[in-house]
There are 2 protein chains.
Amino acid sequence: MTSLDTLIKDLSRLPGIGPKSATRLAYYLLKSDPSYNRNLAGEIATIQERIKPCSVCGNYTETDPCPICSDPNREQSIICVVEEPQDVLTLQASGAFDGLYHVLGGAISPLDGIGPEQLSFGKLMKRIKEGSFSEVIIATNPTEEGDTTALYLRHLLKDHPAIAVTRLASGLPIGGDLEYADRVTISRSLRGRVTF
Amino acid sequence: MTSLDTLIKDLSRLPGIGPKSATRLAYYLLKSDPSYNRNLAGEIATIQERIKPCSVCGNYTETDPCPICSDPNREQSIICVVEEPQDVLTLQASGAFDGLYHVLGGAISPLDGIGPEQLSFGKLMKRIKEGSFSEVIIATNPTEEGDTTALYLRHLLKDHPAIAVTRLASGLPIGGDLEYADRVTISRSLRGRVTF
């Protein structure tokens, strides 16, 4: 196996990149400006050292706590619970939410062996107990796993009757992935969130 | 700009990767096995040192001359002229050609400032003069630039009346890119090649 084959094989492990796309990328890298390859390689090699989960919310960050958790100007009484770090990025890009976040690290999925204990519910409930939140927005994906996760969280929050529990309004295409929704859909589902 | 933003920006410079795909790739790299990132980074950083154009045919190779040019079992009397190195890969994958190759390095495109002098016609004509070829197959893309390049090469080969000049048969979708044709189409256009 040549260096080129190895590069193509490894590129095709990336999500959404098949063998043909991987080949196209490899030939692009062969022809590109050497400094671009050097920079990209350095970034890929060091990204996991530079970016770590925030010890408070679980979002990826270069500083701990993350800029969102440590921003005093954000609404401290509302917390939005998402599955993955990229969901924070998507919600932030919508510009429709100004509170805090909590990243669960996935959704409950018995078939994949992911139960509540694999997700950061413990940390979330500790934040809720120690904080003074008036509302928890559940922003899990509108999928079976996301629905299960939302129900589980609503159950946990029964012990906190003073906290309103809401979920992103429908408007999100069912069965889809939060990450791929457009900004307008995201904004609308935040504005139209309903008691859950 | 954070390390994550920089990585996303650089990933989105890759062909076919928009900002959303680049974000997805970056988050995949954040979560992936560290050894995968290390290997991929190393491969990207060193690919241009490991893989160079073959001094004979211009195809990318780790050894010079390339395995195709130095294979005595290949048909030495037929040469297939292509635009880009990845076209060699595509034709090889079809399994329908067993001769030699010549990579021009592109196609004639006056609008992009690419004339015959930017392509390796000189090297090709030297090979033809010094070799004993009975046929030149022109396998440039079925595009305006590829057609122009084919006509130019046919003109150059007028001085070699003993050499048959052919071109890949139609069957390739016109306006398309050789790289994306399927194997059957490639095989058929090789078998049905016509005097040009």
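Located above this text is the structure these notes cover.
The rules behind each value
- Going along each chain's sequence as written, the residues are numbered from 1 onward.
- Here chains are named by letter from A upward and ligands by number from 1 upward, in the order in which they appear as written.
- Per-residue local features are limited, in this predicted model, to residues with pLDDT of at least 70; the limit for side-chain atom pairs, both in listing and counting, is 80 or more; totals at the level of whole chains, interfaces and linings are taken over all residues.
- The basis for every side-chain value is the complete set of heavy atoms in the structure, and neither hydrogens nor water enter the calculation.
- Contacts are assigned to residue pairs that have any heavy atoms within 4.5 Å of one another.
- Two parts placed together each lose some accessible area under a 1.4 Å probe, and adding up what both lose gives the buried area.
- For this analysis, a salt bridge means a side-chain nitrogen from Lys or Arg found within 4 Å of a carboxyl oxygen belonging to Asp or Glu.
- Polar contact criterion, stated in full: a pair of N or O atoms within 3.5 Å, where within protein one must be able to donate a hydrogen and the other to accept it, and residues adjacent in sequence count only if both atoms are side-chain atoms.
- Runs of H or I in DSSP of at least four residues are treated as helices and runs of E of at least two as strands, each being numbered from the N terminus.
- Think of it in three bands: with a 1.4 Å probe and only protein chains considered, a residue is buried below 20% of the maximum accessible area for its type, exposed above 50%, and partly exposed in between.
- To superpose the copies, least squares is applied to the C-alpha atoms of every residue with a pLDDT of at least 70 in both.

**Q** Which parts of the structure should I look at to understand the interface of chain B and chain A?
**A** Listed as interface residues are 44 residues of chain B and, on the opposing side, 44 residues of chain A. Carbon and sulfur atoms supply 62% of the area that chain B and chain A bury against each other, a total of about 4800 Å² over both sides. Interface area lost by chain B to chain A is led by Arg24(B), Tyr27(B) and Ile44(B), which between them contribute 14%. For the pair chain B and chain A, the interface holds two salt bridges. The partner of Glu84(A) in a salt bridge is Lys31(B), and the shortest N-O contact between them spans 3.2 Å. Our count for the contact surface shared by chain B and chain A stands at 14 residue pairs in polar contact (both at pLDDT 80 or more).

**Q** Help me understand the pattern of salt bridges, please; the structure alone is not making it clear to me.
**A** It is possible for side chains of opposite charge to pair when their charged atoms get near one another. All names here are of chain B. Scanning the entire structure with this criterion turns up seven salt bridges over all chains. Arginine 74 is the salt-bridge partner of aspartate 98, the closest N and O atoms lying 4.0 Å from each other. With a gap of 24 residues between them, aspartate 98 in the loop between helix H4 (85-94) and strand E4 (100-103) and arginine 74 in the loop between strand E2 (60-61) and strand E3 (78-82) connect regions that are remote in the sequence. Residue classification places arginine 74 among the buried residues on the basis of a relative accessible area of 9%.

**Q** Help me understand the relation of the copies chain B and chain A in this model?
**A** Each of the two copies of the chain can be brought onto the other by a rotation about an axis and a shift along it. Superposing chain B onto chain A takes a rotation of 180° combined with a translation of 0.0 Å along the rotation axis, leaving an RMSD of 0.1 Å. In symmetry terms, the pair is related by a two-fold rotation axis. By C-alpha distance to the rotation axis, the residue of chain B lying nearest is Ala41(B), at 2.1 Å. With an isologous cut-off of 70% or more, the 100% of interface residues of chain B that recur at the interface of chain A puts this contact in the isologous class.

**Q** Explanation requested: the environment of Tyr152(A) in the structure shown.
**A** Counting through the fold element by element, Tyr152(A) comes out in helix H6 (residues 144-156). In this structure, Tyr152(A) is in contact with Ile108(A), Pro116(A) and Phe121(A), ignoring residues within four places of it in sequence.

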